Amino acid sequence: MTHTPTDAVLTRNQKREEAAIALGRSLTIGWSDIMAYASVYPQHERRALAEIVWLLGYLPQQNIIIPHEVFIRTLIEQRDTGMITEDEFVGGVLTHVTHIRNDDMNKHGWSNICNPTKEEYRRYSNTLTDYKNRVSDKVEKFFGEVPDLVYSLEPEMMLREIMHKYALVNVPELTSFDYRTFTIIAYRKAYLTSGAEAANHSPPIRARR
């Protein structure tokens, strides 16, 4: 019997294609951003990246980071030279890392995914099942509960695929891929339960712990 995709699946695929095109446009970096990235306190680049990883647990793609990272470098310089207090530094870094998180979520379409289809629930139950428990156990342990699959199905499937492709990720310890998965789940839950503004103002996951 030939399997024919449902209208819902076809519509979802079309939306994903449209999202991919929009993503390519949104990730274009302006020349002014590139110039600032190269010239604004370049000596603080490693420290700025470390601040991002500290709060997110992972490092988004460079084209997500570049428009924001120079502001964190500036905060480092201001803190080092006594222009701002430690509390002002921490609050400023949190603000800019939150913006980075929001760009990573929105520009990659994680706020636009609709409720999973029956086909996607079937795929969740039957695809890459060798990694199913490892992923779901990590998610449950991190959040202290089992999130609704409306929030976690797609991120969990993404992590399964990464584990399948990269053996070094399939470990008990938390990796950067795990933290990005947790970030997506937390952001989607906030977005779908409380709206875009609440999701964008929610703290990065490691700032809550």
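Residues numbered from 1 in each chain as written. Predicted model: local features only at pLDDT ≥ 70, side-chain atom pairs only at ≥ 80, totals over all residues. Heavy atoms only, no water.

J.: Before we go on, may I ask you to explain the packing of aromatic side chains in this structure?
T.: A ring pair, where both rings are aromatic, is described by two values, the distance of the centres and the angle of the planes. According to the stated counting rule, one finds seven aromatic pairs in the structure shown. Ring centres 4.3 Å apart and planes at 15° place the aromatic pair Phe142 and Phe182 in the stacked group. Of this pair, Phe142 sits in helix H7 (residues 132-143) while Phe182 sits in helix H9 (residues 176-194), and the two are 40 residues apart along the sequence. The same class applies to Phe142 and to Phe182, which are both buried. Among the aromatic residues, ring-to-ring pairing joins Phe142, Phe143, Tyr179 and Phe182 into one connected group. Positioned over the ring face of Trp54 is Arg206, at 5.7 Å from the centre of the ring. Here the basic side chain of Arg206 rests over the ring of Tyr179, its NZ or CZ set 4.9 Å away from the ring centre. (Phe/Tyr/Trp six-rings, centres within 6.5 Å; stacked < 30°, edge-to-face > 60°. Helix = DSSP H or I, 4+ residues; strand = E, 2+ residues; numbered from the N terminus. Buried < 20%, exposed > 50% of the residue type's maximum accessible area, 1.4 Å probe, protein only. Lys NZ or Arg CZ within 6 Å of the ring centre and 35° of its normal.)

J.: It is not clear to me how the nonpolar core should be interpreted in this structure. Could you clarify?
T.: Residues Ile52, Ile72, Val93 and Val97 are the most contacted members of the largest nonpolar core, which totals 39 residues. Only helix H3 (45-56), helix H4 (62-80), helix H5 (86-107), H7, helix H8 (149-165) and H9 provide two or more residues apiece to this core. No other element matches H9, which puts seven residues into this core. Setting aside residues up to four positions removed in sequence, Val97 forms contacts with Glu51, Ile52, Leu55, Leu56, Ile72 and Pro204. (Core = buried A, V, L, I, M, F, W, Y, C linked by side-chain atoms within 4.5 Å. Contact = heavy atoms within 4.5 Å.)

J.: So what exactly am I meant to see when it comes to the packing of H3 against H4 here?
T.: Any two packed helices are characterised by how steeply their axes cross, that is the angle between the axes, and by the distance between the axes. Direction vectors running N to C along H3 and H4 enclose 110°, while the axes themselves pass 9 Å from each other. When the interaxial angle is binned, H3 and H4 end up roughly perpendicular. Residue-level contacts link Glu45, Arg47, Ala48, Leu49, Glu51 and Ile52 of H3 to Ile65, Glu69, Ile72, Arg73, Ile76, Arg79 and Asp80 of H4. For the contact of H3 with H4, the class distribution of residues is six nonpolar, no polar and seven charged. (Axes fitted to C-alpha atoms, helices over the stretch in contact; angles between N-to-C directions. Parallel < 35°, antiparallel > 145°, perpendicular 65-115°, else oblique. Nonpolar A, V, L, I, M, F, W, Y, C, P; charged D, E, K, R; others polar.)

J.: Just to check I follow, could you spell out the environment of Tyr121 for this structure?
T.: One can find Tyr121 in helix H6 (residues 118-126). Residues Tyr121 and Glu154, spaced 33 residues apart in sequence, show a C-alpha to C-alpha distance of 9.7 Å.

J.: Could you clarify how one ought to interpret the confidence of the model for the protein chain in this entry?
T.: Any residue range with low pLDDT should be treated as having predicted coordinates unsuitable for detailed reading. Averaged over every residue, the pLDDT of the protein chain is 85; residues scoring 70 or more account for 80%. With pLDDT under 50 throughout, residues 1-27 is counted as low confidence; its partners more than four residues away or in other chains account for 22 contacts. (pLDDT = per-residue confidence, 0-100.)

J.: Explanation requested: the pattern of salt bridges in the structure shown.
T.: Where charged atoms from two side chains of opposite charge come close, those side chains can pair. Per the counting criterion, the structure on display carries ten salt bridges. In this structure, Asp104 engages Arg180 in a salt bridge whose closest nitrogen and oxygen atoms are separated by 3.1 Å. With Asp104 in helix H5 and Arg180 in helix H9, this residue pair connects regions lying 76 residues apart in the sequence. For the pair formed by Asp104 and Arg180, the shared burial category is buried. Here Arg123 and Glu161 are joined by a salt bridge, their closest N and O atoms 2.4 Å apart. Placement of Arg123 in helix H6 and of Glu161 in helix H8 is noted, with a sequence separation of 38 residues between them. Its relative accessible area of 23% is what places Arg123 among the partly exposed residues. Here the residues in one salt-bridge network are Arg47, Arg79, Asp80 and Glu86, joined through shared partners. (Salt bridge = Lys/Arg side-chain N within 4 Å of Asp/Glu carboxyl O.)

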